[in-house]
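Summary of the model geometry
Letter by letter, the chains look like this.
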Amino acid sequence: MNHLPLIIKREYFTKVKNKSFIVMTFLSPLIMIALIAVVAYLSQLNNDKERTISILDETGYVKDVFQNTEFTTYTNLTGLSLEDAIALVKEKEDYGLLYVGKAKSLDDVSGHVKFYSEDSPSISVISSLEQQIEKRLKERKLELDGVTLAQIEASQTNIEIAQESFEGEKSSKIDNVVKLAFGGAAGYLLFMFIIIYGNMIMRSVIEEKTSRIIEVIISSVKPIQLMMGKIIGTSLAGVTQFVIWVILGGVLMIIVSTIFGIDLTQVQSPQQEMMNQAMQADGAQVMAENLIVAIGNLPMTNLIIAFLFFFIGGYLLYSSLYAAIGAAVDNETDTQQFMLPILMPLILAVYVGVFTVIEDPHGTVSTVFSFIPLTSPVVMLMRIPFGVPLWQQGLSLLLLIGTFIFAVWFAAKIYRVGILMYGKKPTYKELFKWLKY
Amino acid sequence: MNDLLVANSVSKSFGNFKALNQVSIAVPKGSIFGLLGPNGAGKTTLIRIINQITMPDEGAVLLDGQSLKPMHIRDIGYLPEERGLYKSMKVGEQCLYLAQLKGLTKTEAKERLKYWFDKLEIGDWWNKKIQELSKGQAQKIQFIVTVLHRPKLLIFDEPFSGFDPINANLIKDEILQLRDEGATVIFSTHRMESVEELCDHIALIHKSNKVLDGKLNDIKRQFKSNTFEVGLESFNREKVFAEIQDKFEVLPATFKNLNDDIKLNIKLGEQASPNDLLSFLTLKAEVHHFVEVIPSASDIFIQTVKNN
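On to the overall build of chain B, then. Scanning chain B from N- to C-terminus turns up ten helices and 14 strands. Taken against the 2.2 N^0.38 rule, which gives 19 Å for 308 residues, the C-alpha radius of gyration of chain B at 24 Å runs more than 25% over that of a compact globule. Considering chain B as a whole, with its 308 residues, one finds that 38% of them fall into the buried category. For chain B, the proportion of contacts with a sequence separation of at least 24, taken over those separated by at least 6, is 72%.

Listed as interface residues are 17 residues of chain A and, on the opposing side, 21 residues of chain B. The set of elements that each furnish at least two residues to the side of chain A that touches chain B consists of helix H1 (4–17) and helix H7 (214–218) of chain A. The dominant element in the side of chain A that touches chain B, judged by the number of residues it contributes, is H7 of chain A, at four residues.

Residue and element names in this part refer to chain B. Overall, antiparallel pairing links the four strands, which are arranged S12-S13-S11-S14 in an open sheet. With partners counted over all chains shown, the strands left at the sheet margins are strand S12 (249–252) and strand S14 (286–292), one partner each. On average, each strand axis in the sheet is tilted by 30 degrees relative to the strand beside it, whichever way the strands run. Of the pairings in the sheet, the one linking strand S11 (residues 227–233) to strand S13 (residues 262–267) comprises six bridges and is antiparallel in character. Residue glutamate 229 lies in a different strand from S13, and its bridge partner there is asparagine 265. Running at roughly 5 degrees to S13, helix H8 (residues 237–247) makes contact with S11, S12 and S13 of the sheet.

Turning next to the sheet that holds strand S2 (residues 17–28) of chain B. Residue and element names in this part refer to chain B. Pairing is antiparallel in the open sheet, where four strands are placed in the order S2-S1-S4-S5. The open sheet terminates on both sides in strands that have one partner only, identified here as S2 and strand S5 (66–67). Strand direction decides the pairing type here: strand S1 (residues 3–14) and strand S4 (residues 58–63), joined by five bridges, are antiparallel. Along S4, the bridge assignment pairs alanine 7 with valine 61.

The subject of this paragraph is the domain arrangement of chain B. Domain boundaries in chain B define domain 1 (3–221) and domain 2 (225–292). If you average the C-alpha positions of domain 1 of chain B and of domain 2 of chain B, the two centres end up 45 Å apart.

This next bit is on the pairing of strand S10 (residues 209–215) of chain B. Residue and element names in this part refer to chain B. Sheet analysis places strand S9 (residues 201–206) next to S10, joined by six bridges and oriented antiparallel. Bridge pairing in S10 places alanine 203 opposite aspartate 213. The loop that links S9 with its antiparallel partner S10 comprises two residues; one of these, lysine 207, has a positive phi angle of about 45 degrees.

Further remarks concern the packing of helix H8 (residues 223–259) of chain A against helix H15 (residues 390–418) of chain A. Residue and element names in this part refer to chain A. Two numbers describe how H8 lies on H15: the axes approach to 9 Å, and their chain directions differ by 110 degrees. If you check the angle between H8 and H15, you find them roughly perpendicular. Where H8 crosses over H15, the two elements pack in a sense that is right-handed. In contact with Pro223, Ile224 and Met227 of H8, H15 contributes Ala411, Ala412, Tyr415 and Arg416. Per-class residue counts for the contact of H8 with H15 are six nonpolar, no polar and one charged.

This brings us to the nonpolar core. Among the nonpolar cores identified, the biggest contains 133 residues, and Ala323 and Ala411 of chain A together with Ile155 of chain B are the most heavily contacted of them. With 14 residues, the single largest contributor to this core is helix H11 (residues 300–328) of chain A. If we ignore the near neighbours within four places in the chain, the residues touching isoleucine 155 of chain B are Ile47, Ile50, Ile76, Gly77, Tyr78, Leu79 and Ile186 of chain B.

The subject of this paragraph is the domain arrangement of chain A. By the assigned domains, chain A splits into domain 1 (4–30 + 171–258 + 299–434) and domain 2 (50–149). For domain 1 of chain A and domain 2 of chain A, the distance between their C-alpha centres works out to 56 Å.

Below, the discussion takes up helix H12 (residues 336–359) of chain A. The first and last C-alpha atoms of H12 of chain A sit 34 Å apart over 24 residues, in line with the 34 Å expected at 1.5 Å per residue. Residues of H12 of chain A that are buried: Phe338, Ile342, Leu346, Ala349, Val352, Gly353, Thr356 and Val357 of chain A.

A word on the packing of H11 of chain A against helix H14 (residues 376–383) of chain A. All names here are of chain A. Look at H11 against H14: their axes get within 9 Å of each other, and the N-to-C directions meet at 165 degrees. Comparing the axis directions of H11 and H14 gives the class roughly antiparallel. The handedness of the crossing between H11 and H14 comes out as left-handed. Here Phe307, Phe310, Phe311, Gly313 and Gly314 of H11 lie close against H14, whose contacting residues are Pro377, Val378, Met380 and Leu381. When grouped by side-chain class, the residues that make up the contact of H11 with H14 number seven nonpolar, two polar and no charged.

Turning our eyes to something else, we now look at the environment of serine 120 of chain A. Inspection of the secondary structure assignment puts serine 120 of chain A in the loop between strand S4 (113–117) and helix H4 (123–144). Residues serine 120 of chain A and tyrosine 95 of chain A, spaced 25 residues apart in sequence, show a C-alpha to C-alpha distance of 9.9 Å.

What counts and how
- Residues numbered from 1 in each chain as written.
- Chains lettered and ligands numbered in written order.
- Predicted model: local features only at pLDDT ≥ 70, side-chain atom pairs only at ≥ 80, totals over all residues.
- Helix = DSSP H or I, 4+ residues; strand = E, 2+ residues; numbered from the N terminus.
- Rg over C-alpha atoms; globule rule 2.2 N^0.38 Å.
- Buried ≥ 20, exposed ≤ 12 C-beta atoms within 10 Å, placed from the backbone.
- Contact = placed C-beta atoms within 7 Å.
- Pairing = 2+ DSSP bridges.
- Axes fitted to C-alpha atoms, helices over the stretch in contact; angles between N-to-C directions.
- Domains from an automatic or database assignment.
- Parallel < 35°, antiparallel > 145°, perpendicular 65-115°, else oblique.
- Left-handed = near helix turned anticlockwise from the far one by under 90°.
- Nonpolar A, V, L, I, M, F, W, Y, C, P; charged D, E, K, R; others polar.
- Core = buried A, V, L, I, M, F, W, Y, C linked by C-beta atoms within 7 Å.
- Expected span 1.5 Å × (residues − 1).

Here you go:
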């Protein structure tokens, strides 16, 4: 008799109706968005602060390079002594004083530049000052060699290498960023999903053991049916939660950014000014166009299909192992010793994904790890946006499915014996013996 | 076919440990069959094999003449010793779920649940969570769930644990009624007084082997030692005692009686008839008490286990 739908239904509704699950589902996006909003707001505050920087230039090389910007005003104190200048800056409560001491020659200047301030200055301010001074000194030196400013301007070139594959597919630098973003997001999503919902499955198995209902259930259904029902039911609850998170998060994001006028995309903005400068040079318009082209260039069909298969395969593989752990132990504290061997390949996969796939998506390390079943779902998902031959995807998927079947067999064995074992913490040796029962 | 359940030379090992060694039992239709044995003897393993939770290494189990198949799950109701319910699930929902797992449809299950809830007067528990009930109350629910699908074979492992005497009696009566309605019951317990009260057949498992089985009365007949408990009144106690001791094997006896009697257990030889003893005694003294000593299930249990 097939009880699978019945079990799935129960597992799903028990999870979904659970109070803490409901609270987590609706509270998490709120907390996340609130957190992001606060960070964004704070960094904006920091950025919006107007600062005045005083310049005391005893060489006369750089005093006129600094242009006032929206948030930064420069005042020239040339003529004052250093002591007076410091006193004045202190009194006016300026941000700080840039002092360029007397130098014998242009080459000597670099040793005489100092910044005085009350608190230690922000890195972005300092680097912006450094950049401007460096630029001016370079121009001065070139002028001494007889090059005119106009010539310098004219010599500036901006190279953008247009990339094209042998098949004629055009791509650009931004392509790689987009590919990384897609692959990374897919791999990371799987990783999170396994950790969160794998644990949930494990806890639900332990709960059945501790409440002693297991023998009643097992006299009506096959253990493997119960296990699969649990895995599928919990996963569906997980998908529900994820979908709600995404929708709720998106809606909240829009609401927060329109009502409070906080631009949530500006979270990482210590180097805001520099970024803006860089962007202006490239042209934001071109960037946006490239971005759209890049997304269009992705092998979307392949990506979506592969995502589905590898995601489901990888998730089922790991969750059956989680279920086996749950069956082997009596309470959650005993799970630690068995968790490590499961978490290791998972974390390894993410590291390989982050470090090697970015470096060289088709290198030996990435390729090998995208075949090893325990790491392949994450690594392969990260590789696919860069274009992986179909035979590789197929072979990797085949290996994954094979391992999945083996893992389910293995987990079902452990599960069948383990759910009826009470009161002792099993060792690996005992688990191995259970396989033969 | 008079036996509902037959186990033929069933063996099961866990690693090096042999949990069951060539155990055969036959449970007659409509009987209450006591499955007895000390802790760790292998009873639970046998019960799990009957429930197809564990597969036997050797031997076969037949239900109604057919070897066990997954479809037989519907014909068996099992109340394990290690039992419990989903704590945070509501009583009604939970009963429906478990009934559906046994193959009932939702409407069927609802109807029958209503009958049982009314019968045991627990209708207002439907929307309570299990964790709000007491242990005894949860046990009642568990009992209902076990019998709800009207199985041919009911297996109860320590069904009375956790019940107060009133509820234990209630459940006992329900079991007897189910038996009268045609169900066969396998009953595993350490409480010998309930074995005495309920079982008509027993099997005793000790150290993975079946050491005894049959009708309870036959076994008792087999175990009785032709011993009689007598209470006598006489003016000359020493003389009477000496005369009896001369002729029979005598042991002291203790039983409650109104008079200050000579209380004896007198063991007769294989062939001797109680009438001979009685006529001998009536000549010597006044007989107030004369009962054959019938071994209790408890005596049989202890004696068998000790001898093995």
